[in-house]
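# Observations on the model geometry
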Amino acid sequence: QVQLVESGGGLVQAGGSLRLSCAASGGTFSTYSMGWFRQTPGKEREFVAAISVRGLTTVYGDSVNGRFTIFRDNAKNTVYLQMNSLKPEDTAVYYCAASLLPRVITTTSYDYWGQGTQVTVSS
């Protein structure tokens, strides 16, 4: 089974930056498309970003486009989410996801999920 472990969450002031990491194990990372999602209590899980298996294609949700960047290092079995110009509405638990399909996915139709990491943006 593929295991995903997120890290890098924390508390940051509005306008600040954080970089989230997602380390994968138990599979062949370089064959997975990867995604980031976020969720707050009472809300549906929201698509944030996705990246193709080689990192050549990226897709972003409208709410984060222009502020967040997804990238991956297949040699380290890790995908990252660089978050800049953070806003209080970015506060959420951020989840990493892996798909066995060789294409980017913007829905929650991923095969594996991490446990999430909390990001809190203060106003």
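Look up: the structure comes first, before these words.
Computed from a predicted structure; not experimentally measured. (Residues numbered from 1 in each chain as written. Predicted model: local features only at pLDDT ≥ 70, side-chain atom pairs only at ≥ 80, totals over all residues. Heavy atoms only, no water.)

## What to know about the sheet that holds strand β3 (residues 18-25)
This is how the line gets drawn: Two strands pair if DSSP finds at least two bridges between them. Per the convention used, a helix needs a DSSP run of H or I reaching at least four residues, while a strand needs a run of E reaching at least two, with both numbered from the N terminus. Between N-to-C directions, angles span 0 to 180 degrees; the directions come from axes that are lines fitted to C-alpha atoms, helices contributing only their stretch in contact.
Sheet architecture is open: 4 strands sit in the order β1-β3-β8-β7, paired in antiparallel fashion. The sheet is open, and its two borders are formed by β1 (3-7) and β7 (68-73), each paired with just one other strand. Recorded for the sheet is a direction-independent mean angle of 15° between the axes of neighbouring strands. Inspection of the sheet shows β7 paired to strand β8 (residues 78-83) by 6 bridges, in the antiparallel sense. Bridge pairing in β8 links R72 to V79.

## Some remarks on the pairing of β7
Note the cut-off: We call a residue buried when its accessible area falls under 20% of the maximum for its residue type, exposed when it is over 50%, and partly exposed in between, using a 1.4 Å probe and counting protein chains only.
Burial of the side chains of β7 is restricted to one face: F68, I70 and R72 are buried, whereas none of T69, F71 and D73 on the reverse face is. The antiparallel hairpin formed by β7 and β8 contains 4 residues in its connecting segment, where N77 sits at a positive phi of about 55°.

## Here's the deal with the packing of aromatic side chains
So the rule is basically this: For this analysis, a ring pair means two rings from Phe, Tyr or Trp (six-membered ring only for Trp) whose centres lie within 6.5 Å, classed as stacked if their planes differ by under 30 degrees, edge-to-face if by over 60, and tilted for the remaining angles. Two conditions define a charge located above a ring, namely a distance within 6 Å from the ring centre to NZ of Lys or CZ of Arg, and an angle within 35 degrees of the ring normal.
Evaluation of the coordinates by the stated rule reveals 5 aromatic pairs. Consider the rings of F71 and Y80, whose centres lie 4.8 Å apart with planes at 20°: the pair is stacked. On the basis of relative accessible area, F71 is assigned to the partly exposed category, the value being 28%. By the ring-pair criterion, three or more aromatic residues cluster together here, those being F37, F47, Y110 and W113. Sitting over the face of the ring of Y95, R45 holds its NZ or CZ atom 3.9 Å from the ring centroid.

## What about the pattern of salt bridges?
Note the following rule: Any carboxyl oxygen of Asp or Glu within 4 Å of a side-chain nitrogen of Lys or Arg constitutes a salt bridge here.
Under the criterion given, the structure shown has 3 salt bridges. Between D90 and R67 there is a salt bridge whose closest N-O contact spans 2.7 Å. Taken as a pair, D90 in the loop between β8 and β9 (92-99) and R67 in the loop between β6 (58-60) and β7 lie far apart in primary sequence, 23 residues in all. Overlapping salt bridges bring together R38, E46, R67 and D90 as one network.

## Considering the state of the cysteines
Our working rule: We call a pair of cysteine sulfur atoms a disulfide when they lie within 2.5 Å.
One pass over the full model with this rule turns up 1 disulfide. Each sulfur of the disulfide joining C22 and C96 lies 2.0 Å from the other. Its torsion about the S-S bond being -80°, the disulfide of C22 and C96 is classed as left-handed. Taken as a pair, C22 in strand β3 and C96 in strand β9 lie far apart in primary sequence, 74 residues in all. We classify C22 as buried; its relative accessible area is 0%. On the basis of relative accessibility, which here comes to 0%, the residue C96 falls in the buried class.

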